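Residue strings, one per chain:
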Amino acid sequence: MILRHSISLLLVCSIAFCDVQAESKQDLHIAYVLKNAKLTTEQKTKLRPMLVAYYQDMDKAKASHKALKDKLEEKDDAGKLTEAECDQLFESKQKQEKNQLDVVRKHYLAFKTILPANKAYKVIRLCNDKVK
């Protein structure tokens, strides 16, 4: 009985941990930005949903190139990409970088509606930091 109860508890904890892990990368990024941007509580409250939108838009900007890269990964690793596939990957990467730049510009302007320019700039810089 105790063993069954322990296994059930372990299973519930494992499921809860997986749910936290699924959300944690974006949450960690947002927490990092809010902690290091030196904002007031009111500014943090207003900025949080804007950061969620920023990271969602950035994920969308990266999605199509990532899908193509994943699709062609085995051929790329084997060195068997055709010229057309190489061109497709190159063009896809260029489009991704343009889309990411558009996202940064859009959100920088949005951040400036609630923050002074120097804080909005700092937030954008912090958004691009690698968080472990």
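K.L.:
Teacher, can you tell me more about the nonpolar core here?
P.N.:
Across soluble globular proteins, nonpolar side chains have a tendency to be buried as a group. In terms of nonpolar packing, the biggest core is built from 21 residues, with Leu47, Leu51, Tyr54, Phe111 and Val123 touching the most fellow members. Mapped by element, the contributors of at least two residues to this core are α1 (2-36), α2 (41-77), α3 (83-111) and α4 (117-127). Here the element with the most residues in this core is α2; it accounts for seven residues. When neighbours within four sequence positions are excluded, Leu51 is seen to be in contact with Ile30, Val33, Leu34, Phe111, Val123 and Cys127.

K.L.:
Which parts of the structure should I look at to understand α4?
P.N.:
Because an α-helix packs 3.6 residues into every turn, residues spaced three or four apart end up facing the same way. If you check which residues of α4 are buried, you get Ala120, Val123, Ile124, Leu126 and Cys127. Looking straight down α4, one finds its buried side chains confined to an arc of 165°; they lie on one side.

K.L.:
Help me understand the packing of α2 against α3 in this model?
P.N.:
Helix packing for two helices is described by the angle between their axes and how far apart those axes are. Look at α2 against α3: their axes get within 10 Å of each other, and the N-to-C directions meet at 180°. Put simply, α2 runs roughly antiparallel to α3. Counted by class, the contact of α2 with α3 contains 14 nonpolar, eight polar and seven charged residues.

K.L.:
Got a minute to help me understand a negative patch on the surface in this structure?
P.N.:
On the surface, Glu73, Glu74, Asp76 and Asp77 cluster together into a negatively charged patch. For Glu74, the location among the structural elements is in helix α2. Glu74 sits in the exposed class, given a relative accessible area of 70%.

K.L.:
I would appreciate a short explanation of the pattern of salt bridges in the present structure.
P.N.:
Between side chains of opposite charge, pairing is possible as soon as their charged atoms come close. Tallied over the entire structure, the rule returns six salt bridges. When the shortest N-O distance is used, the salt bridge between Lys66 and Asp70 registers 2.9 Å. Residue Lys66 and its partner Asp70 are both found in helix α2; the two are separated by four residues, about one turn of the helix. In this structure Lys66 comes out as partly exposed when scored by relative accessible area, which is 49%. The closest approach of N and O atoms between Lys98 and Asp102, which form a salt bridge, is 2.8 Å. With a gap of four residues between them, Lys98 and Asp102 both fall in helix α3, about one helical turn apart. Residue Asp102 is classed as partly exposed on the basis of its relative accessible area, which comes to 32%. What you see here is one network of salt bridges that share partners, running through Lys98, Asp102 and Arg105.

Each value, and the rule that gives it
Residues numbered from 1 in each chain as written. Predicted model: local features only at pLDDT ≥ 70, side-chain atom pairs only at ≥ 80, totals over all residues. Heavy atoms only, no water. Core = buried A, V, L, I, M, F, W, Y, C linked by side-chain atoms within 4.5 Å. Buried < 20%, exposed > 50% of the residue type's maximum accessible area, 1.4 Å probe, protein only. Helix = DSSP H or I, 4+ residues; strand = E, 2+ residues; numbered from the N terminus. Contact = heavy atoms within 4.5 Å. Arc of directions from axis to C-beta. Axes fitted to C-alpha atoms, helices over the stretch in contact; angles between N-to-C directions. Parallel < 35°, antiparallel > 145°, perpendicular 65-115°, else oblique. Nonpolar A, V, L, I, M, F, W, Y, C, P; charged D, E, K, R; others polar. Patch = residues over 30% accessible without salt bridge, like charges linked within 9 Å, V, L, I, M, F, W, Y side chains within 5 Å. Areas by Shrake-Rupley, 256 points an atom, 1.4 Å probe, with all protein chains shown as cover. Salt bridge = Lys/Arg side-chain N within 4 Å of Asp/Glu carboxyl O. Lys, Arg positive; Asp, Glu negative; His and termini not counted. Charge placed at Lys NZ, Arg CZ, Asp CG, Glu CD.

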